[in-house]
Structures are given as structure tokens and as C-alpha cells.
Amino acid sequence: MSAAWSLEGLVVRHGGRLALDGAGFTVSAGQMVGVLGPNGSGKTTLLRGGLGLVRREAGAAALSGRPVESIPATERARLVGYLPQERRVSWNLGSLDIVALGAPDLPPAVARDIAADCLHRVGLGGFEERGVLEMSGGERARVLLARLLATRAPLLVADEPAAGLDPDAQLLTLELLRAEAARGAAVVITLHDLSLAARFCDRLVVLSQGRVAADGPPAEALSPGILHSVFGLDGALVEAGGETVLAARRAVQRPAPGR
Amino acid sequence: MTRRRGLVLLAVLLLAAVVVAVLVGETPLRAADYLTALTRPGSAPGEILWTIRAPRAAMAALIGAALGLSGAALQGLLRNPLADPGVLGVSASAGLGAGLAIALGLAAIPGAIEASALVGALVAGALVVALAARFREPETLILLGVSISAFAGALSSLVYNLSPSPVTTAEVLSWMLGSVANRGWPDLLTTAIPAALGAALVAWSARGLTMLTLGEETAALSGLPMARLRAAAVGGAALLAGASVAAAGIIGFVGLAAPHLVRRFSGDDPGKTLLPSALAGAVLLVLADLAARVIPTEQELKLGVVTALFGAPLFALVAWRAARSWRS
């Protein structure tokens, strides 16, 4: 069976700067993959390049074995749901209306039923009519997560879904995405919290300066060597209270700057 | 107030405004005259009502609807509550077309100014559609629109500058101030055709405008044919703006204010503000034209002057109230 999403040797340039320098990874159905890396390492660009949202200079991106650019818009939407990092909503629509936009191909009544269910799952049952611009940032983030769930796509890509959320909402977000993977979806997320990444993801892809520095199970991808060279941390993943957490401090000897 | 009730209210208001605009005018008529007009359209009162006032009121309603719809579409597309039909430079280009026709002495040919203005609008509209396909960010599109507007304005100034006759400038200026006076039924038809095409394009793009609420990237992966929907929204808005400027000169504030007036009951969803904005624009312009006709001034007030005079303070009030609700 072909991978839900496979990216190979992506090269993307932002202005003169090389944002991606031959990065790639694959994700299969039922897997949750975390894309990690310091700020500016190319996480968002990798997702956007792999979805055909930015122009690639080289490399291949395929959804279910088919080149991304060759898939018609309607069909592509059936294959992938995307939650961008930018959480700006331009107009004050009701939260149910926003979530229903995740399923524009369905009859409105069906889409609204699905939307109500997704809102309930993110803990916003009873907030259907609330305008998204009247909500707190955290509530709005959950509404947008619900919209992602409403796409019911076999590949869910979420850029920083846990950023700016309180601990409870972070865990809820990752648990919901984990549940989607358990139901057979391929899930790809970016995040900065290495502990959460190690805890929730089957596999981690670590980016450094536009290249893949490590790709493997959490313990392997976040080895002390990678923690030091990519993140500038001295430490390791340890077991505490039945959960994997990161115990680390800023490295005294900084890794040599790459550029 | 629900959206449905708001739509019904606007429709009733529009009907009432048109009826009043047909019944009231400079020439005082008695009850008996109205009866004559109804029974014998060819009579003098009949002529006043059916060939002078009625087409004028209908034209005001059509232009107002076109401006309201164009403004609502552009505010949705550009995700900017300050967008109006002039923002993409279509109005200024239509003005340039009209100015050129007048300077070249074509004013005597019936329909020449209007046709030239429409050509100006279509050229600018085509340019804007091409630019919108290339540049997705609303900010870029707005800046390019401002450039087109400024350049068309500069070319218009050049026309006046090089024109040997001072009368040209006065004529162009007078045309630009906007008016629906002395319009007949045939004029209505030539405006209605491009406006209807523009309205159809904008109506088709409504789903895309709603989806754009979530930003370009989400919309691009939403499954909607966004490239075509965006082109339809830009092209439709340009056609509507162009048709109205060609028919009635530059009339400000209606396209800006109408969407703001209706959001209170129609909600913020850009796809759902389209129809109410068109109706509100029509009501506003019929009333503005009525004011232009009945306010006793030596020279009849120009429509663009009336909408700006009443529209600017009204719009400030709307903006103030909106800002207050944002703060709370």
C-alpha cells in the first residue's frame, strides 16, 4: 500500500534563503508523525511544500501515491485536511458555521450535523452560535481544530495545533489527533514541546536548517546527540510517572552554528 | 432581527422608496393627475411619471444595488471592511474613459461617454483579474488597486492638462460627480446587462468568499475551485462597478456603507451579506436621488455629492458603533 503522504528531497527557497534543502519523510495510515525542529528549521515550509502551497525547486510530493499537483482541488480536499499555524479568522462567523466549512462538499444540513459533533469533541458543545471573534484565542484554536476534524480526511496535517493553548487544551488537542490516527487516519503535526511530541507521536522527524537530522521512533530521533546538535540542549528523554518527558537544560557548549 | 426578516424589510423599504420617488418631484401633481397618469400613460402627467421619474428611480435602484453588491464582494474577497468598488482602480479607469471621450469631442454622440467609460472599466477589470490570479494576499491586491487608481487619475489629469478647451474639464468634472438624471428605459437596459453578468459572477463566487474567511491556505485546500471563484468575484465586482460608473459617474460611500449597514442582521459571513447589501445599496441610492431632486437648490444637486454629504457622517456613526461593540 502506498503511503498516505510521501515527501522526497523537497527544495524550497524563500527569497534568497534556502528554507528546505532536500527534506522529506513519509506517513502511513494509522500513524501519527511529529515534525520537530528549532524556529526557522523549515517545519511549516515542509508541510506547505508537501501540500503544493509553495513552489518547490526540486523534490516530489505525493498524496496516496499521486503527485500533489496532479490531483484536482475537490479530490485533494477529500485526501487531506490542513490546519495552518496562522489562526486568523477575518469575519465573526458563528463557530458552527466555521466548523461546517470543513465539509463544503456535503449538503449543508449534513455538514452542520458533523460540525456539531466535532465541536462537541473539542469541548465546545453549547458554543455553536458563539461568534469566533468573541471567543478567547484558545477557544478559537479549538474551533479551528474542530474544522480540521470535520474534513474527515484520511490525512490530517496540523501546523502547531498546541501552540498558545493551556496544558489541558494541549493534551485534549493531541489526544483528539491521536484518536484520529487510531481510527486509521495518517496524522502529521509540528510542535515545539518535545515531551508532548515524544509522548503522542509514533515517529518524529527532526529538521535542522532545512534538512532531516533524524527520523525514527521518539527515543531514537530525540537522542542526546540530536538534542545537543539540533536543539542546543544537554539532556535526555526519561520516564517519569509512566510518561516520557524531556529532562534537559541549555547546553553550556553551544553547537556550532551551521550557517 | 434574523437575516430573512432583514431581507423582507429591505425589499419593502426599496419598494416604498421607489414608489415615493415616482410620486414626488419638482413638478407638483394633484390627485387627479396621478389618476390620469395611471389610466393614460401618454398624457402629460403620464409622461412625467413613466418616462421621466420611473426610469430615473429604477436606474438609481439598479446603480445602488450594483454598488452595494460590488462593495460587499470586495470586502469579502479582500477581507477588509474598508474596501469599496473604487479600491481596485476600476472606477478611476472608467472616469478616464469618460474623460477621454469628452476631451475628444464625442459627447455629442449618444452613449459614447458611457461606452468609453465602460471600456475603461473593462480594461482595468481585466488587469485586476489577472493580478488577482497572480497575487493572492489581499494587501498586495489593494496596493496594486491603489496604483491603478492613481495612474488612471494621473492620465485623467493629463487629459485635462492637454485639453485645449477649459470646458472639457468642467464637463468631465460635472459628469464625474454622478447623476441619474434624464435616464430613459433604454439606458436602463444597457446598464442592466453588464450589471446582471457581474451579479451572476459575484453570486457564484459567494461560497469562495465565505471560505476565504479562514485565509488563503485553508481555502486553497478546501476543495472549492478557488482560482475560478476568486476570478469571478474580482471580475463580477469590476463589472458591477464599471457598469455603474459608466451609467452614472462616480458615486461614493454606497458600496462602502451598504455591507456595514446590513451586517447587523445578516451576520458577518461575506457570502450572506451579498444580497442584503445589494438591496440596501438600492434603497440608499433611490433615497439619495430623491433628496437630490427635491432639495431646492438653483442647480440640481449631483448624486455623488448627496451620497458623500449624507454618507460620510452616517458611515462614521456606523464605524463608531461597530468599534464600540468590538471593544466590549
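The coordinates are above.
Numbers given for residues are sequential positions, taken from 1 along each chain in its written order. As they are written, the chains are lettered A onward and the ligands numbered 1 onward, keeping that order. In keeping with the predicted nature of the model, local features appear solely for residues at pLDDT of at least 70, side-chain atom pairs appear and are counted solely at 80 or more, and the whole-chain, interface and lining totals rest on all residues. Calculated side-chain values reflect all of the structure's heavy atoms, with hydrogen atoms and water omitted.

### Things to note about the packing of aromatic side chains
- For Phe, Tyr and Trp, where Trp contributes only its six-membered ring, two rings pair if their centres lie within 6.5 Å, and the inter-plane angle classes them as stacked under 30 degrees, edge-to-face over 60, or tilted in between. For the structure shown, the criterion picks out one aromatic pair over all chains.
- With a centroid separation of 5.9 Å and 80° between ring planes, the pair formed by Trp5(A) and Phe25(A) is classed as edge-to-face. Here Trp5(A) is found in strand 1 (residues 5-14), whereas its partner Phe25(A) is found in strand 2 (residues 17-27), with 20 residues between them in sequence.
- What makes Trp5(A) buried here is its relative accessible area of 0%.
- A cation over an aromatic ring shows up here: Arg134(B) above the ring of Phe135(B), its NZ or CZ 5.1 Å from the ring centre. Note on conventions: DSSP H or I runs of at least 4 residues are helices, E runs of at least 2 residues are strands, and numbering of each starts at the N terminus. Only protein chains enter the accessibility calculation, which uses a 1.4 Å probe. A residue is then buried if its area is under 20% of the maximum for its type, exposed if over 50%, and partly exposed in between. Here, a charge over a ring is recorded when the distance from Lys NZ or Arg CZ to the ring centre is within 6 Å and its angle to the ring normal is within 35 degrees.

### Description of the pattern of salt bridges
All names here are of chain A.
- Any Lys or Arg side-chain nitrogen located within 4 Å of an Asp or Glu carboxyl oxygen qualifies as a salt bridge. One pass over the structure, following the stated rule, counts 17 salt bridges over all chains.
- Between arginine 66 and glutamate 75 there is a salt bridge, with its nearest N and O atoms 2.5 Å apart.
- Relative accessible area serves as the criterion here: at 33%, arginine 66 is assigned to the partly exposed category.
- In this structure glutamate 75 comes out as partly exposed when scored by relative accessible area, which is 29%.
- Between arginine 203 and aspartate 215 there is a salt bridge, with its nearest N and O atoms 2.9 Å apart. Of the two residues, arginine 203 is situated in strand 9 (residues 203-208) and aspartate 215 in strand 10 (residues 211-216); the sequence distance between them amounts to twelve residues.
- For aspartate 215, a relative accessible area of 35% puts it in the partly exposed group.
- Connected via shared salt-bridge partners are Arg121, Glu180 and Arg183.

### Let's talk about the environment of Pro217(A)
Residue and element names in this part refer to chain A.
- In this fold, proline 217 is placed in the loop between strand 10 and helix 8 (218-221).
- We classify proline 217 as partly exposed; its relative accessible area is 40%.
- The sequence separation of proline 217 and glutamate 134 amounts to 83 residues, and the corresponding C-alpha distance is 41 Å.
- Setting aside chain neighbours within four positions, we find proline 217 in contact with Asp202 and Arg203. Contacts are assigned to residue pairs that have any heavy atoms within 4.5 Å of one another.

### Concerning the sheet that holds strand 2 of chain A
All names here are of chain A.
- A pair of strands is considered paired only if DSSP assigns at least 2 bridges between the two. Within the open sheet, the four strands sit side by side as 2-1-4-5. Their pairing is antiparallel. The open sheet has two edge strands, strand 2 and strand 5 (66-67), and neither has a second partner.
- Orientation is described by lines fitted to C-alpha atoms, with helices fitted over the stretch in contact, and by angles between N-to-C directions that extend from 0 to 180 degrees. Strands strand 1, strand 2 and strand 4 (58-63) of the sheet are contacted by helix 1 (residues 43-50), whose axis makes an angle of about 115° with strand 1.

### Observations regarding the sheet that holds strand 10 of chain A
Residues and elements named next belong to chain A.
- The strand order across the open sheet built from six strands is 6-7-8-3-9-10, with neighbouring strands paired in mixed fashion. Since the sheet does not close on itself, it has two edges, and those belong to strand 6 (80-83) and strand 10, each with one partner. Across this sheet, the average inter-strand angle for adjacent strands is 15°, counted without regard to direction.
- With respect to the sheet, helix 5 (residues 137-150) is in contact with strand 6 and strand 7 (155-159), its orientation differing from that of strand 6 by roughly 170°.

### Observations concerning the interface of chain B and chain A
- Listed per partner, the contact involves 22 residues of chain B and 21 residues of chain A.
- Buried area adds together the accessible area that both of two parts lose upon being put together, with accessible area traced by a 1.4 Å probe. For the pair chain B and chain A, the summed buried area comes to about 1,900 Å², and 65% of that belongs to carbon and sulfur atoms.
- Among the residues of chain B in contact with chain A, Leu214(B), Glu217(B) and Leu221(B) are the three that bury the most area, contributing 35% of the side total.
- Applying the counting criterion to the chain B and chain A interface returns one salt bridge.
- In this structure, Arg48(A) engages Glu217(B) in a salt bridge whose closest nitrogen and oxygen atoms are separated by 2.4 Å.
- Mapped onto the side of chain B that touches chain A, the elements with two or more residues apiece are helix 3 (44-78), helix 8 (185-211) and helix 9 (216-220) of chain B.
- The greatest single-element share of the side of chain B that touches chain A, amounting to three residues, is contributed by helix 9 of chain B.
- Residue polarity follows a fixed list, in which Ala, Val, Leu, Ile, Met, Phe, Trp, Tyr, Cys and Pro are nonpolar, Asp, Glu, Lys and Arg are charged, and the others, Gly among them, are polar. Partitioned by chemical class, the residues of the side of chain B that touches chain A number eight nonpolar, eight polar and six charged.

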